Amino acid sequence: MLTLPTELRAAFKEPFGPVYTEAEELLADAASEERNTPLVAVGDVVTYHLRRAGRAPDVAVVDGKTKREAVGEEIRRAVETGRLVEVANEPGTVSRALVDALVDALAADEPTTLLVEGEEDLATLPAVLAAPLDSTVVYGQPDEGMVRIRVTDAAKAEMRDLLTQFEGDIDAVLAPLDA
């Protein structure tokens, strides 16, 4: 397991890509760049908005919360669909179980929702590393909207660099990501 050090928290204040307030616009931009690649959503509200816009994520990572509060019943019902896989990931960490579940979900033939016991906030980093090039990873930026990361070599390098600054067994977490 990797733990986010306090001094690295500031690196997560600024979005890692463009911020969208409309899911349709985000999906249109992603579609113009995708080449039949996965869409990964990190967060309950993001997943909900993408589904309402007509595009279910290939992989959704949810924890039943938004801004540390439980999501409403409508959102919970909307995001907990398809193949459901439960995974543990403590707040402020990236667990090996989460990384393994992401890798497995991306390899699955059907859309998969990872139900995180704990917190999914940092799942964006391993999601970018696990996803194929040209994929899209979307996560929520509190009080701003949805952030879209196009998976490129540069994006993978940025996420890998951040993860290597975490505390814990970095090699064990990066190994399943072929990083």
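Read on for a plain summary of the structure. (Residues numbered from 1 in each chain as written. Predicted model: local features only at pLDDT ≥ 70, side-chain atom pairs only at ≥ 80, totals over all residues. Heavy atoms only, no water.)

**Remarks on the sheet that holds strand S1 (residues 2-3)**
Next, step 1: Strand order in the open sheet formed by three strands is S8-S1-S12, with antiparallel pairing between adjacent strands. Edge positions in the open sheet fall to strand S8 (93-94) and strand S12 (167-168), since each of these has one partner strand only.
Next, step 2: Here two bridges tie S1 to S12, and the two strands are oriented antiparallel to one another. When the sheet's bridge partners are listed, Thr3 is paired in S12 with Glu167. (Pairing = 2+ DSSP bridges. Helix = DSSP H or I, 4+ residues; strand = E, 2+ residues; numbered from the N terminus.)

**Looking at the pattern of salt bridges**
Next, step 1: Counting across every chain of the model gives six salt bridges.
Next, step 2: As a salt-bridge pair, Arg55 and Asp58 come within 3.1 Å of each other at their nearest N and O atoms.
Next, step 3: Residue class for Asp58 comes out partly exposed when judged on its relative accessible area of 27%.
Next, step 4: Note that Glu73 and Arg76 form a salt bridge whose closest N and O atoms lie 2.4 Å from each other. With a gap of three residues between them, Glu73 and Arg76 both fall in helix H3 (residues 73-79), about one helical turn apart.
Next, step 5: Taking relative accessible area as the criterion, Glu73 reaches 43% and is therefore assigned partly exposed.
Next, step 6: Exposure remark for Arg76: the relative accessible area of 30% places this residue in the partly exposed category. (Salt bridge = Lys/Arg side-chain N within 4 Å of Asp/Glu carboxyl O. Buried < 20%, exposed > 50% of the residue type's maximum accessible area, 1.4 Å probe, protein only.)

**Things to note about the nonpolar core**
Next, step 1: Counting residues in hydrophobic clusters, the biggest one holds 39 residues, and the most contacted among them are Val61 and Phe166.
Next, step 2: The dominant element in this core, judged by the number of residues it contributes, is helix H4 (residues 96-107), at six residues.
Next, step 3: With sequence-adjacent residues up to four places away left out, Phe166 is seen in contact with Leu2, Thr3, Leu4, Pro5, Leu8, Phe12, Val94, Leu122 and Leu125.
Next, step 4: In terms of nonpolar packing, the next biggest core, distinct from the first, is built from ten residues, Tyr20, Ala23, Ala41 and Leu50 among them. (Core = buried A, V, L, I, M, F, W, Y, C linked by side-chain atoms within 4.5 Å. Contact = heavy atoms within 4.5 Å.)

**Things to note about the packing of aromatic side chains**
The geometry of an aromatic ring pair is captured by the separation of the ring centres together with the interplanar angle, meaning the angle of the planes.
Next, step 1: Within the structure shown, the criterion is met by three aromatic pairs.
Next, step 2: Taken together, a centroid distance of 5.9 Å and an interplanar angle of 80° make the contact between Phe12 and Phe16 edge-to-face.
Next, step 3: The buried category is assigned to Phe16, whose relative accessible area is 18%.
Next, step 4: When the ring of Phe12 is compared with that of Phe166, the centres are 6.4 Å apart and the planes differ by 80°; the resulting orientation is edge-to-face. Within this pair, whereas Phe12 is found in the loop between S1 and strand S2 (19-20), its partner Phe166 is found in the loop between helix H6 (153-164) and S12, the two being separated by 154 residues in sequence. (Phe/Tyr/Trp six-rings, centres within 6.5 Å; stacked < 30°, edge-to-face > 60°.)

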